[in-house]
Amino acid sequence: MKIIAADVIVTSPDRNFVTLKITTDEGITGLGDGTLNGRELSVASYLADHVVPLLIGRDPHRIEDTWQFLYRSAYWRRGPVTMAAIAAVDVALWDIKAKAAGMPLYQLLGGASRNGIMAYGHASGRDLPELFDSIRRHLEMGYRSIRVQTSVPGINAVYGVAAQPSVDGRRYDYEPAQRAALPAEEDWDTRAYLRHLPGVFEAVRSEFGPELPLLHDGHHRMTPIQAARLGKALEPYDLFWLEDCTPAENQEALRLVRRHTTTPLAIGEVFNTVWDYQTLIREQLIDYVRSAVTHTGGITAMRKLLDFAAQYQIKSGIHGPTDISPVGMAAALHLDLAIHNFGIQEYMRHGQATNEVFRQSFTFSDGYLHPGELPGIGVDLDEEAAARFPYQAAYLPFNRLKDGTVHDW
């Protein structure tokens, strides 16, 4: 079997997506997700201009060899654009291999390790009544684990709160990358956030009881000592995890956080290789790996990363908001089902237009996802539908402090 074509398809139903479609001489096709939120065209160019010419004529079954070739032959390694492009190729090749075998991908990864994949949803509100209503809606939709994000008095716009204003009128937690010529500017005050948040979780626990798993995303905005303070303050409310409490490129910073709190920590949605995790995993400074299959070199690389984490009783918590296309989500679900050290899967439902472009077989029922039993990853791309939604420029917002200093968003 040989690769005879590889096409990069950029489409924007609900938001921008980059999809790689690889075709073999036997007529088998595979899909990979190369979406990088706010920088989609960079990956599309990397694929079309640099990677696709290298794929023609290669044996699609040689997945490991192709991965190593794309990673090492460029010399300039790592980085989100490179690793998203490699991930797109990797997932597309796994899709082809599983289709050729006539099996759903998870069977080639060792078969199912569980019956379903526990998922969490995103609840948010500008005040407690609105937040409580959002939690109840998510429970009614079938979620059994809930991420809680809330507005903060004195801050105009906070990441993850659906009802707050946005420049394009879209649901904020559904797609924070807003379609506009320039990124939206937001404000931030860490001290106000630290004062406000523990009371929110006290109220949520009082309203919904001790059993509901609750999560929260700090979104990289705290210093290590601020993160330690928040983790300690949230201990009475038994969080499932506190996510991205501090920018973790400085891996040693998590030593300080870990010394001061037993709140479980999830890190890594902006990471893209195992090298970003070496200290965090080896010293057991985190509890969950948050990388996306689509940003971390695909299934080949993520499986190795999670096997490394398993040695230290660290579990998966794969990134899965709506900037992961249904192709990337399906790839994550096959991996979730197969690995032993699965923790939880982030899951935000895509919009109707996205579901028209990407026909998927994965299901969500009673709090659990399943990738389905179709051969491959179980997602088809309707190219005619994709063509109806051309690319639109969109940016993630950014933060400034009260004095005008640019801050982590």
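What counts, and where the lines are drawn
- Residues numbered from 1 in each chain as written.
- Predicted model: local features only at pLDDT ≥ 70, side-chain atom pairs only at ≥ 80, totals over all residues.
- Heavy atoms only, no water.
- Domains from an automatic or database assignment.
- Contact = heavy atoms within 4.5 Å.
- Buried area = accessible area lost by both parts, 1.4 Å probe.
- Salt bridge = Lys/Arg side-chain N within 4 Å of Asp/Glu carboxyl O.
- Polar contact = N/O pair within 3.5 Å; in protein donor to acceptor, adjacent residues only side chain to side chain.
- Buried < 20%, exposed > 50% of the residue type's maximum accessible area, 1.4 Å probe, protein only.
- Helix = DSSP H or I, 4+ residues; strand = E, 2+ residues; numbered from the N terminus.
- Arc of directions from axis to C-beta.
- 1 Å grid on protein atoms, 1.4 Å probe; cavity = no way out; pocket = protein on both sides within 12 Å on 5 of 7 lines; lining within 4 Å.
- Points joined across faces, edges and corners; volume = space filled by probe spheres on them.
- Nonpolar A, V, L, I, M, F, W, Y, C, P; charged D, E, K, R; others polar.
- Pairing = 2+ DSSP bridges.

## Focus: the domain arrangement of the chain
Logical step 1: On domain assignment, one finds that the chain holds domain 1 (3–104) and domain 2 (109–373).
Logical step 2: Computed from C-alpha atoms alone, the centre-to-centre distance between domain 1 and domain 2 is 26 Å.
Logical step 3: With 29 residues of domain 1 at the interface, the matching set in domain 2 holds 37 residues.
Logical step 4: Both faces combined, the contact of domain 1 with domain 2 buries some 2500 Å², and carbon together with sulfur accounts for 57% of it.
Logical step 5: Applying the counting criterion to the domain 1 and domain 2 interface returns two salt bridges.
Logical step 6: At the boundary of domain 1 and domain 2, one finds 15 residue pairs in polar contact (both at pLDDT 80 or more).

## Quick word on helix α8 (residues 253–260)
Every α-helical turn comprises 3.6 residues, leaving residues that sit three or four positions apart pointing alike.
Logical step 1: Those residues of α8 lying buried are Ala253, Leu254 and Val257. All buried residues of α8 project into a common sector of 90° when viewed along the axis, lining one side.
Logical step 2: Residues of α8 that are buried sit in contact with α7 (224–233), β10 (265–267) and α9 (278–282).

## Quick look at the pattern of salt bridges
Logical step 1: Overall, the coordinates contain 22 salt bridges when judged by the stated rule.
Logical step 2: Note that Glu346 is salt-bridged to Arg290, the shortest N-O span being 2.9 Å. With Glu346 in strand β13 (residues 345–346) and Arg290 in the loop between β11 (288–289) and α10 (298–310), the pair connects residues that are 56 residues apart, well separated along the chain.
Logical step 3: A relative accessible area of 0% means that Arg290 is categorised as buried.
Logical step 4: Ionic contacts of the salt-bridge type, sharing partners, join the residues Glu243, Glu269, Arg290 and Glu346 into one network.

## Let's talk about the layout of surface pockets
Left-over empty space is what a probe sized like a water molecule reveals as it rolls over the atoms.
Logical step 1: Here the largest pocket is characterised by a volume of approximately 910 Å³.
Logical step 2: Surrounding the largest pocket, 38 residues form its lining, His219, Glu269, Val270, Leu396 and Trp409 being those nearest its centre.
Logical step 3: For the lining of the largest pocket, the per-class residue count stands at 16 nonpolar, 10 polar and 12 charged.
Logical step 4: Lining the lining of the largest pocket are residues from two domains, each supplying at least three of them: domain 1 (3–104) and domain 2 (109–373).

## Observations regarding helix α2 (residues 63–73)
Logical step 1: All of the buried residues along α2 are Ile63, Thr66, Trp67, Leu70 and Tyr71. Across the axial projection of α2, the buried residues extend over an arc of 125°, all falling on one side.
Logical step 2: Where α2 is buried, its residues meet α1 (40–55), α3 (80–101) and α10.
Logical step 3: In the segment just after α2, Tyr75 is the residue with positive phi, at about 70°.

## Here's the deal with the pairing of strand β2 (residues 17–24)
Logical step 1: In terms of residue burial, β2 counts as a mostly covered element, since eight of its eight residues are buried.
Logical step 2: Of the two faces of β2, the one carrying Phe17, Thr19, Lys21 and Thr23 and the one carrying Val18, Leu20, Ile22 and Thr24 are both buried.
Logical step 3: Of the strand pairs in this sheet, strand β1 (residues 3–11) and β2 are connected by eight bridges, and their pairing is antiparallel. Counterpart to Ile3 in the pairing with β2 is Thr24.
Logical step 4: Two successive antiparallel strands, β1 and β2, enclose a turn made up of five residues, where Asp14 displays a positive phi of approximately 70°.
Logical step 5: Bridge count between β2 and strand β3 (residues 29–33): five bridges; the pairing is antiparallel. Opposite Thr19, over in β3, you have Asp33 as the bridge partner.

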